[in-house]
Structure formats: structure tokens, C-alpha cells
Amino acid sequence: MKTTYRNILTDKDGAIAIVTLHRPKVLNALSHELMEELVQALTDFDQDEEVRAIVLTGSERAFAAGADIKEMSEETTIGIMLKDQFATWDRIKEIKKPIIAAVSGYALGGGCELMMNCDIIVAAESAQIGQPEINIGVIPGAGGTQRLTRAVGKQKAMEMILTGQPISAREAKEYGLVNKVVPNEIFLEEAMAMAREIAKKSPVATRLAKEAILKVFDTPISEGLLFERKNFYMLFSSEDQKEGMKAFLEKRQPTFSGK
Ligand code: CAA
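Scoring rules and cut-offs
Residues numbered from 1 in each chain as written. Predicted model: local features only at pLDDT ≥ 70, side-chain atom pairs only at ≥ 80, totals over all residues. Heavy atoms only, no water. Near = heavy atom within 4 Å. Polar contact = N/O pair within 3.5 Å; in protein donor to acceptor, adjacent residues only side chain to side chain. Areas by Shrake-Rupley, 256 points an atom, 1.4 Å probe, with all protein chains shown as cover. Nonpolar A, V, L, I, M, F, W, Y, C, P; charged D, E, K, R; others polar. Core = buried A, V, L, I, M, F, W, Y, C linked by side-chain atoms within 4.5 Å. Buried < 20%, exposed > 50% of the residue type's maximum accessible area, 1.4 Å probe, protein only. Helix = DSSP H or I, 4+ residues; strand = E, 2+ residues; numbered from the N terminus. Domains from an automatic or database assignment. Contact = heavy atoms within 4.5 Å. Phe/Tyr/Trp six-rings, centres within 6.5 Å; stacked < 30°, edge-to-face > 60°. Axes fitted to C-alpha atoms, helices over the stretch in contact; angles between N-to-C directions. Parallel < 35°, antiparallel > 145°, perpendicular 65-115°, else oblique. Left-handed = near helix turned anticlockwise from the far one by under 90°. Pairing = 2+ DSSP bridges.

So, the site of the ligand
So, step 1. Neighbouring the ligand are 25 residues, the closest being Arg-61, Ala-67, Gly-110, Glu-113 and Gly-141.
So, step 2. Between a nitrogen atom of the ligand and a main-chain N or O atom of Ala-65, the distance comes to 3.0 Å.
So, step 3. Note that an oxygen atom of the ligand is positioned 2.8 Å from one of the backbone N or O atoms of Gly-141.
So, step 4. When the free accessible area of the ligand is taken as 980 Å², the share hidden by the protein chains comes to 72%.
So, step 5. Classifying every residue of the shell around the ligand by side-chain character gives 15 nonpolar, four polar and six charged.

Topic: the nonpolar core
So, step 1. Counting residues in hydrophobic clusters, the biggest one holds 56 residues, and the most contacted among them are Leu-21, Phe-63, Leu-114, Met-115 and Ile-129.
So, step 2. Considering every element that reaches this core, the biggest residue donor is helix 1 (residues 32-47), with seven residues.
So, step 3. When residues are assigned to domains, this core turns out to be shared by domain 1 (8-199) and domain 2 (203-249), each giving three or more.
So, step 4. If sequence neighbours within four positions are ignored, Ile-129 has contacts with Ala-107, Leu-108, Cys-112, Met-115, Met-160, Pro-166, Ile-167, Ala-172, Leu-177 and Val-178.
So, step 5. Residues Ile-100, Ala-102, Met-192 and Ala-195 belong to the second largest nonpolar core, which totals 16 residues.

Re the packing of aromatic side chains
The geometry of an aromatic ring pair comes down to the distance between the two centres and the angle between the two planes.
So, step 1. For the coordinates displayed, the defined rule picks out four aromatic pairs.
So, step 2. Both rings, one in Phe-232 and one in Phe-236, keep their centres 5.3 Å apart while their planes meet at 55°; by these two values the pair is tilted. Accessibility classification places Phe-232 together with Phe-236 in one group, the buried group.

What about the packing of helix 6 (residues 144-152) against helix 7 (residues 154-163)?
So, step 1. At their nearest, the axes of helix 6 and helix 7 sit 7 Å apart, and the two run at 135° to each other. Looking at the two axes, helix 6 sits oblique to helix 7. Note that helix 6 runs across helix 7; the crossing there is right-handed. Seen from helix 6, the contacting residues are Gly-144, Thr-145, Leu-148, Thr-149 and Val-152; seen from helix 7, they are Lys-154, Lys-156, Ala-157, Met-160 and Ile-161.
So, step 2. A per-class count over the contact of helix 6 with helix 7 returns five nonpolar, three polar and two charged.

Considering the sheet that holds strand 7 (residues 120-124)
So, step 1. If you walk across this open sheet you meet the six strands as 1-2-3-5-7-10, and the pairing is mixed. Of all the strands in the sheet, the pair left with one neighbour each is strand 1 (8-13) and strand 10 (180-182). Going from strand to strand, the sheet's axes swing by 20° on average, the running direction of each strand aside.
So, step 2. Bridge analysis of strand 5 (residues 99-103) against strand 7 gives four bridges, and the strand direction is parallel. Within the sheet, the bridge partner assigned to Val-103 lies in strand 7 and is Ala-123.
So, step 3. Those strands touched by helix 9 (residues 187-199) are strand 1, strand 2 (16-21), strand 3 (53-57), strand 5, strand 7 and strand 10, and its axis lies near 160° from that of strand 7.

Brief notes about the side chain of Ser-73
So, step 1. For Ser-73, the position within the fold is in the loop between helix 2 (69-72) and helix 3 (77-83).
So, step 2. The exposure class assigned to Ser-73 is buried, which follows from its relative accessible area of 7%.
So, step 3. A distance of 3.2 Å separates the side chain of Ser-73 from the backbone oxygen of Lys-70, its partner in a polar contact.
So, step 4. Among all residues touching Ser-73, those that are not within four sequence positions of it are Gln-241, Lys-242, Met-245 and Leu-249.

Written out as C-alpha cells, the structure is:
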């Protein structure tokens, strides 16, 4: 029986499962409900014996423009901590099958973090990749400070996270943040081709190879992620977070007080 989702689309093409983020009006902003659905779909495909690889994509305009600012804007420290919404994200790393991200347009904030949670990234030339949380008075909260730094190195991560400016697909490729940059028209096709190539291999070998590669990150990253998450939650007691998010929603420049 096919599950019906409100924020994502799911499909199968032979051994490849395709999950499409689908909140077009808000550039696929990653609401709590979207993330729950995404993790549910990934988990189901992980258990589906026909599926050997999963392609995760968005629209041409946006892979995802980040966590849902509207949903977060009035959050309190205790509220966001009790909800612990980023715990949902942790379940993505439990997925045993390879996930290939097909990224076009904006991959910002949580969108960039979601992309980095995937195993292989195919980017369209149009992709704009960044961590702009600083512009709304917070910091990355779903792994950005840790995963981006490991991917591109300290200097580039500092630049991206402290200026909030996105980088192009080509620059991301130079820094090893994405695997491939392809013309806009074929980004999904190219990711599907990569998935089909992987689907040809032994599923057991694929699973063990993925597990072994990911082991590399396990030990030191965990403490950093926890530290980052608590700091992220802490920022919800600042005036600048309220002002930053409110200003965004009112389409004006924020005035930060530093408090
Ligand atoms: N959350 C909620 N809504 C969002 C959104 C987000 N992250 N990003 C875009 N939207 C909404 C806009 O509010 C707008 O809605 P309305 O039509 O109802 O006004 C709609 O999507 C289209 O967006 P824009 O009109 O802004 O489109 P644009 O082409 O002018 O700009 C953009 C595109 C540069 C991506 C801009 O939308 C933007 O800066 N978005 C926010 C990016 C951001 O700050 N992301 C980080 C979020 S925090 C986070 O992700 C924390 C974490 O670590 C998990």
C-alpha cells in the first residue's frame, strides 16, 4: 500500500526510489512535518527489498531553502529543546542504502545540511549552496558547523557560516562539497544514472562500504554536534533571533542589538 504524504512525493523506477521534497510555495522549507515524512519514506525504502539506492531531490528552483523560519520564529529555548526537532534528522544516518542528492537551485541552511547528510551529491549548475542562518540571528543547527567544516575545511566553512553568503555549484565542486556539476537540464537524470550504477553492485557490499566510510566521522563529530545543538537552542533566548526571523518574515533588514 502506498503511503500518502503532504510534503514529499515518492516514486520507484526499477531498483531506484525517488523522494522529492514538495513544498513549492516556500522553496521546500524543511518543516518538522516534512522531515518526519522524509525520514519515514527513507526508512520504508530502506526496508523495501526491491530498492537498492535512493535519490533525494527538490525542484529546479530549490532543493530546500532551509528549516522553516515561520515555524521556528516564535520558538522558545525550552520549547525547541523539548521538541528536539533535529533528533529526526539523526535518523537519516541510520539509512543503510546509499542516498544520492540531486540538487538544483537553493540548498541553504537546513537544505545544505540535508544535502550533506546524503552520500553522493550531484549538483545542477544553478545550485546555490550556503549556510545563511547568521543573517537571521542564529547558527546552523542540523550539523552545518561540523559537516561543512569537515567537507570544505575550516577557512571556507568560517567564510560561509560567518558571512552567510552562498557559493556556486562550481565552487562547491572545487572544495569537494559536491561530487559532480552538470547542466541544469540533466541533474536528476545524472543522479539517476549514478544510482543505477550503484544499484548494479552487491547490496551487501554497498551497505558495508557505506557503513565503513561513515565510521570515519563517528568519534569526534558527536560531541561537536551536541555542543552546536545546545548553542542553537540557546540562541532562542536572544533578542537577535526573534528580530532576525521576524525581519525576514516582514521582508525588511533586521536591526541586531547583540543581546
Ligand atoms: N522558511 C520558511 N519560508 C521560506 C524559507 C524558509 N527557510 N525560505 C523561503 N521561504 C518562503 C518565503 O517566505 C516566501 O514565502 P511568501 O511567498 O509567502 O512570502 C517564499 O518562500 C519564496 O521566497 P522568497 O520570496 O524569499 O524568494 P526569493 O527568490 O526572493 O529568495 C531565498 C529566495 C534567497 C532562498 C530566500 O527565500 C531566503 O533567503 N530564504 C531563507 C534562507 C535561510 O535563511 N535559510 C536558513 C533557515 S534556518 C535553518 O535552516 C536552521 C538550520 O540549521 C536547520
